[in-house]
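Given next are the chains, with one letter for each unit.
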Amino acid sequence: RSWLPRPVDEVFPFFADAHNLNVLTPAFLHFEVLTPKPIHMREGLLLDYRIRLRGIPIKWRTRIRSWEPGRRFIDEQISGPYLEWVHTHDFHDVDGGTDVIDSVRYRVLGGALVNALIVERDVRSIFDFRAQALRRHFDAPPSPRDQPPTVRRLS
């Protein structure tokens, strides 16, 4: 959760541009959007990316499962590095700004052991970076409303 001192109608359009994922993704992933511009976000849209995970190039395809402009959207992995990846983005008007809440459900090959040894740390790092990048982009100081990522293992 990140609180930004900007209204939802200013924050949401930033997320509606898939190419802004480059701003929100740490350099160690070598993230690249492969879907050509212009991208018109909508339910059912397929997006293609390439990342490098520990030096290994991986193509990642997501589908926009739900698209509710100004309120929320959900993307889910169709193919990529996870057995399952469902990312919900929620936006709420709060205290004259916007709460941006990311919720991710994921499962990895190798289960709990691989998650505990490698993946959970990476996911935390990615979302910590994302929160910092959002604050930089929107020129927002840290807020008492901000919450660090919580990662819970799913079966």
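You'll find the structure just up there.
Residues numbered from 1 in each chain as written. Predicted model: local features only at pLDDT ≥ 70, side-chain atom pairs only at ≥ 80, totals over all residues. Heavy atoms only, no water.

Break down the side chain of His-89 for me, with residues and values.
Summarising the element assignment, His-89 is placed in strand 6 (residues 84-94). What makes His-89 buried here is its relative accessible area of 4%. Separated by 3.5 Å, the side chains of His-89 and His-87 make a polar contact. Setting aside residues no more than four positions away along its own chain, His-89 makes contact with Arg-71, Arg-72, Phe-73, Asp-75, Ile-101, Asp-102 and Arg-130. (Helix = DSSP H or I, 4+ residues; strand = E, 2+ residues; numbered from the N terminus. Buried < 20%, exposed > 50% of the residue type's maximum accessible area, 1.4 Å probe, protein only. Polar contact = N/O pair within 3.5 Å; in protein donor to acceptor, adjacent residues only side chain to side chain. Contact = heavy atoms within 4.5 Å.)

Describe helix 3 (residues 111-137), naming the residues involved and giving the relevant values.
Its axis deflected by about 50 degrees at Leu-117, helix 3 carries its strongest bend there. Those residues of helix 3 that fall on the buried side of the exposure criterion are Asn-115, Val-119, Asp-122, Val-123, Ile-126, Phe-127, Arg-130, Ala-131, Ala-133, Leu-134 and Arg-135. Buried residues in helix 3 make contact with strand 1 (2-4), helix 1 (8-16), helix 2 (21-24), strand 6 and strand 7 (97-107). Following helix 3 by one or two positions, Asp-139 has its phi on the positive side, about 50 degrees. (Bend = angle between axes of the 7 residues up to and from the residue.)

Run through the nonpolar core, naming residues and quoting values.
Judged by nonpolar contacts, the single largest core of 36 residues is most densely connected at Phe-15, Met-41, Leu-47, Phe-73, Tyr-82, Phe-91 and Leu-134. Counting only elements with at least two residues in this core, the list comes to helix 1, strand 3 (46-53), strand 4 (56-68), strand 6, strand 7 and helix 3. Here this core takes 6 residues from helix 3, the largest share from any one element. With sequence-adjacent residues up to four places away left out, Phe-73 is seen in contact with Phe-12, Phe-15, Met-41, Ile-64, Ser-66, Trp-67, His-87, Thr-88, His-89 and Phe-91. (Core = buried A, V, L, I, M, F, W, Y, C linked by side-chain atoms within 4.5 Å.)

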